[in-house]
Amino acid sequence: MLHIYVDADACPVKNEVYRVARRYLLEVTLVANSRMGIPNDPKISLKIVGDGFDAADDWIVEHVQRDDIVITADVLLANRCLKSGARVLGTSGRPFTETNIGSAVAARDLLSDLRGAGEITGGPPPFAKRDRSLFLQKLDEMIQSVRRAQTG
């Protein structure tokens, strides 16, 4: 059964995940380093992991199965989940795939180097309403794609 895992600590689209998951009656597990509020819904759970480096990432990779969906902005976690056969959707609505993950990892490394050298300061632009709409659309499409593959 399709399950959604959310790399939840800094995820800006948790409410959107809840909305779509409810529509499809899917289970959602939020994985975080600290307690956070979640809806009172038996299909939504929170897994609190230790503060260790990559603890949330490691837990997700250990539990994700083929065709589950992982929501994350972490390119390295996305890469690990793809290797497990999961589908991965960035919080911006951009799906990570076997085709684009290599360039995403390279871009991440380059930006990390530029930030380290002081060439880039500041973060990404604020999350806009159209970003939420795109995310909702792409999550819906991904769920439908998994369901078609499971019944086909």
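Here, the structure is the one placed above.
Everything quoted here is computed from the prediction, not taken from an experiment.

Conventions adopted
- Residues numbered from 1 in each chain as written.
- Predicted model: local features only at pLDDT ≥ 70, side-chain atom pairs only at ≥ 80, totals over all residues.
- Heavy atoms only, no water.
- Axes fitted to C-alpha atoms, helices over the stretch in contact; angles between N-to-C directions.
- Helix = DSSP H or I, 4+ residues; strand = E, 2+ residues; numbered from the N terminus.
- Parallel < 35°, antiparallel > 145°, perpendicular 65-115°, else oblique.
- Left-handed = near helix turned anticlockwise from the far one by under 90°.
- Contact = heavy atoms within 4.5 Å.
- Buried < 20%, exposed > 50% of the residue type's maximum accessible area, 1.4 Å probe, protein only.
- Pairing = 2+ DSSP bridges.
- Salt bridge = Lys/Arg side-chain N within 4 Å of Asp/Glu carboxyl O.

Quick word on the packing of helix H2 (residues 55-63) against helix H3 (residues 75-83)
At step 1: With their axes 9 Å apart at the nearest point, H2 and H3 run at an angle of 15° to one another. Judged on the interaxial angle alone, H3 and H2 are roughly parallel. Crossing of H2 over H3 shows right-handed handedness. Contacts between H2 and H3 involve Asp57, Asp58, Ile60 and Val61 from the first element and Leu77, Arg80 and Cys81 from the second.

Considering unusual backbone geometry
At step 1: For Leu25, which is not a glycine, the phi torsion comes out positive at approximately 60°.
At step 2: Structurally, the position occupied by Leu25 is in the loop between helix H1 (14-24) and strand S2 (27-32).
At step 3: Judged by relative accessible area, which is 57%, Leu25 ranks as exposed.
At step 4: For Asp54, which is not glycine, the phi dihedral falls at a positive 65°.
At step 5: Here Asp54 shows up in the loop between strand S3 (44-48) and H2.

Here's the deal with the sheet that holds strand S6 (residues 95-96)
At step 1: One open sheet accounts for six strands, arranged S3-S2-S1-S4-S5-S6; its pairing is mixed. A strand with exactly one partner marks an edge of an open sheet, and here the two such strands are S3 and S6.
At step 2: Two strands pair when backbone bridges link them, and strand S1 (residues 3-7) and S2 are joined in this way by five bridges, in the parallel orientation. From the neighbouring strand, Tyr5 faces S2, where its bridge partner is Thr29.
At step 3: H2 contacts S1, S2, S3 and strand S4 (69-71) of the sheet and is inclined by roughly 165° relative to S1.

A word on the pattern of salt bridges
At step 1: Tallying each qualifying case throughout the model produces six salt bridges.
At step 2: Measuring nitrogen to oxygen at the nearest pair gives 2.9 Å for the salt bridge that ties Arg80 to Asp58. Separated by 22 residues along the polypeptide, Arg80 in helix H3 and Asp58 in helix H2 bring together distant segments of the chain.
At step 3: Accessibility expressed as a relative area gives 31% for Arg80, which makes it partly exposed.

As for the environment of Arg80
At step 1: Considering only alpha carbons, one finds Arg80 and Ile60, 20 residues apart in sequence, at a separation of 9.5 Å.
At step 2: Once residues lying within four places of it in the same chain are set aside, the contact partners of Arg80 are Asp57, Asp58 and Val61.

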